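# Remarks on the overall topology
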Amino acid sequence: MSDEAKTCETCEEKSCASKQAKPGETAEAVQERQALARRMCAIKKKYLVMSGKGGVGKSTVSVNVAATLAQQGYRVGLLDVDIHGPSIPTMLNLYGKRPVNGEDGILPLEVGSLKVMSLGLLLEGRDQAVIWRGPMKMNVIKQFLTDVEWGELDYLIVDAPPGTGDEPLSVCQLIEGLDGALIVTTPQEVAISDVRRSVNFCRQVGVPVLGIVENMSGFVCPHCGKETDVFRRGGGEKLASEMNVSFLGRIPMDPRVVLAGDEGQSFVEGYPDSPATKAFAEVVVAVRDGGK
Ligand code: ADP
């Protein structure tokens, strides 16, 4: 079926929630919801990347999981809904490139075969501070999800800001049938306690937890080869078993991850033979298997 043919009117899926009006919903709201559902229907798997805290490597994991899937030949979109601190444009060297309108919406930028869109690309300047309250953020995210012309994709990876605030909540409420959330943490206890909140958030909003990724797990000295657990090790895996969710894998610390992020290149592309790239590939196997 072509992309144009996929509308709620022509779709044969009888049980789809998007078709029915919800109690008290206006005709305009139904139309808006269906426009969003039409976009999302063309995407096979949609995952949200979350973290309890900032700085644990959530955007790094989003970029490198998306880039690994794209390298493997999947059609992948990467969407950054961080309104206050979008970092994907920096990590993929996209600042200064302005998305343009296509026939049916805003065209995502392309990095190789990876399609990328960030709210940061639509703001006037990269240092602009955005002061928006919750409902406004929800509207912007809704418009964003509806208006970006992704076309048909195998995976959409959505990078949300840290915590359990308006942005992840909006994504969970707006994307009906979100396939799951990847929760990124570092291994130490102060980060882990925030992950419990992220897992409970997913359970409350009815989004399956795909699993936990432990980032910055161990550091191998490039000079002497000695391994040091800078932020300890195993906290993410322990928590995953404690909370009965899957453990998707651990990514070691590697100073070149910082270099790649600052240089605007995905790490897995820049350093294909490194242990961290192999670790990302293992996480991707778990993502493809749906966290099993
Ligand atoms: P978050 O999205 O959770 O705020 P980022 O992905 O922006 O975190 O990462 C924060 C910083 O840590 C960045 O400078 C990034 O390059 C660095 N970083 C992330 N993961 C690793 C890693 N495995 N090894 C070394 N540095 C990392």
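Residues numbered from 1 in each chain as written. Predicted model: local features only at pLDDT ≥ 70, side-chain atom pairs only at ≥ 80, totals over all residues. Heavy atoms only, no water.

The helix and strand tally for the protein stands at 10 helices and 11 strands. If you line up the protein on its principal axes, its C-alpha atoms span 65 × 40 × 40 Å. Buried positions account for 50% of the 292 residues belonging to the protein. Contacts in the protein between residues at least 24 apart in sequence constitute 75% of all its contacts with a sequence separation of at least 6. (Helix = DSSP H or I, 4+ residues; strand = E, 2+ residues; numbered from the N terminus. Buried < 20%, exposed > 50% of the residue type's maximum accessible area, 1.4 Å probe, protein only. Contact = heavy atoms within 4.5 Å.)

For the rest of this paragraph, the subject is the site of the ligand. Lining the immediate environment of the ligand, one finds 15 residues, of which Gly55, Lys58, Ser59, Thr60 and Asn215 sit closest. Between the ligand and Gly55, the relevant distance is 2.8 Å, taken from an oxygen atom to a main-chain nitrogen or oxygen of the residue. Separating a nitrogen atom of the ligand from a backbone N or O atom of Asp254 is a distance of 3.0 Å. Contact with the protein chains covers 81% of the free accessible surface of the ligand, which is 560 Å². Of all the elements in the fold, those that place two or more residues in the shell around the ligand are helix 2 (58-71), strand 9 (209-220), strand 11 (247-253) and helix 8 (255-263). (Near = heavy atom within 4 Å. Polar contact = N/O pair within 3.5 Å; in protein donor to acceptor, adjacent residues only side chain to side chain. Areas by Shrake-Rupley, 256 points an atom, 1.4 Å probe, with all protein chains shown as cover.)

Summarising the model, the protein shows a mean pLDDT of 87, and 91% of its residues fall at 70 or more. In the model of the protein, strand 10 (residues 227-228) stands out as the element of lowest mean pLDDT, 76, in contrast to helix 2, which has the highest, 97. (pLDDT = per-residue confidence, 0-100.)

Attention shifts here to the pairing of strand 8 (residues 180-185). Across the 6 residues that make up strand 8, a large majority, 6, are buried. Neither face of strand 8 is left uncovered, since the one carrying Gly180, Leu182 and Val184 and the one carrying Ala181, Ile183 and Thr185 both have all their residues buried. With 5 bridges connecting them, strand 1 (residues 43-51) and strand 8 associate as parallel partners. If you follow Tyr47 over to strand 8, its bridge partner there is Gly180. Relative to strand 9, strand 8 runs parallel, the two being bridged by 5 bridges. Bridged to Ala181 within strand 9 is Val209. (Pairing = 2+ DSSP bridges.)

All right, on to the nonpolar core then. Residues Leu48, Leu79 and Ile157 are the most contacted members of the largest nonpolar core, which totals 80 residues. Setting aside residues up to four positions removed in sequence, Leu48 forms contacts with Val158, Ala160, Pro168, Val171, Cys172, Leu178, Gly180, Ala181 and Leu182. (Core = buried A, V, L, I, M, F, W, Y, C linked by side-chain atoms within 4.5 Å.)

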